[in-house]
Amino acid sequence: MKTRKFVYLVTDRNRSCIHVGMSSDLMKTMSFYRQMPNLFFDAGQQLTRLVYFEELNSETLAMERFKLISKFTRIQKDRMIRSVNPDWIDLTIGLDFEQILVSGIQTMNTAVRNLS
């Protein structure tokens, strides 16, 4: 089984704080950020917007990328985000939709197998 790792950037609603993270389940991680908004940061810095992520095939590559991005300055992180997400839209909306599509296709495939 292929292990997928994600390196991601999350921010607050004012874009004042950018946090770099690494996860094997991005949706579960973002759900955790939303359920526990004040766990790591002040109330004003609720990191609930996923604005950038990369999917990597190995934990070693993900760790190297995480360490590299962690050393970036604020301006470098801004540029990286704006290169793929110029309006800083919360990307979890698209991931939610993709997850619904994938689960729907799997359900349809199971139903077709059961009919056969």
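In the block above lies the structure referred to throughout.
So, here's what we can say about the structure.

Conventions we followed
Residues numbered from 1 in each chain as written. Predicted model: local features only at pLDDT ≥ 70, side-chain atom pairs only at ≥ 80, totals over all residues. Heavy atoms only, no water. Helix = DSSP H or I, 4+ residues; strand = E, 2+ residues; numbered from the N terminus. Contact = heavy atoms within 4.5 Å. Salt bridge = Lys/Arg side-chain N within 4 Å of Asp/Glu carboxyl O. Buried < 20%, exposed > 50% of the residue type's maximum accessible area, 1.4 Å probe, protein only. Lys, Arg positive; Asp, Glu negative; His and termini not counted.

Thoughts on the environment of I89
Mapped onto the elements, I89 comes out in the loop between helix 3 (74-84) and helix 4 (92-115). Considering only alpha carbons, one finds I89 and L50, 39 residues apart in sequence, at a separation of 7.9 Å. Here I89 is in contact with L50 and V51, once residues within four sequence places are set aside.

Some thoughts on the pattern of salt bridges
Taken as a whole, this structure holds 3 salt bridges when the rule is applied. Residue E55 pairs with R4 through a salt bridge whose shortest N-O separation is 3.3 Å. Residue E55 is found in strand 3 (residues 49-56), and its partner R4 is found in the segment before strand 1 (5-11); the two are separated by 51 residues along the sequence. You can call E55 partly exposed: its relative accessible area is 42%.

Some words on the side chain of K5
Take K5: it is sitting in strand 1. The side chain of K5 sits in the buried core without any salt bridge; E59 is the nearest counter-charge, 4.0 Å away. Other than its neighbours up to four places away in sequence, K5 contacts S23, S24, E54, E55, L56, S58, E59 and A62.

Describing the environment of L95
Note that L95 resides in helix 4. Exposure remark for L95: the relative accessible area of 15% places this residue in the buried category. It is 7.4 Å that separates the C-alpha atoms of L95 and M27, two residues lying 68 residues apart in sequence. Residue contacts for L95: discarding those within four places in its chain leaves L26, M27, L50 and F53.

Coordinates in, geometry out; function isn't part of it.
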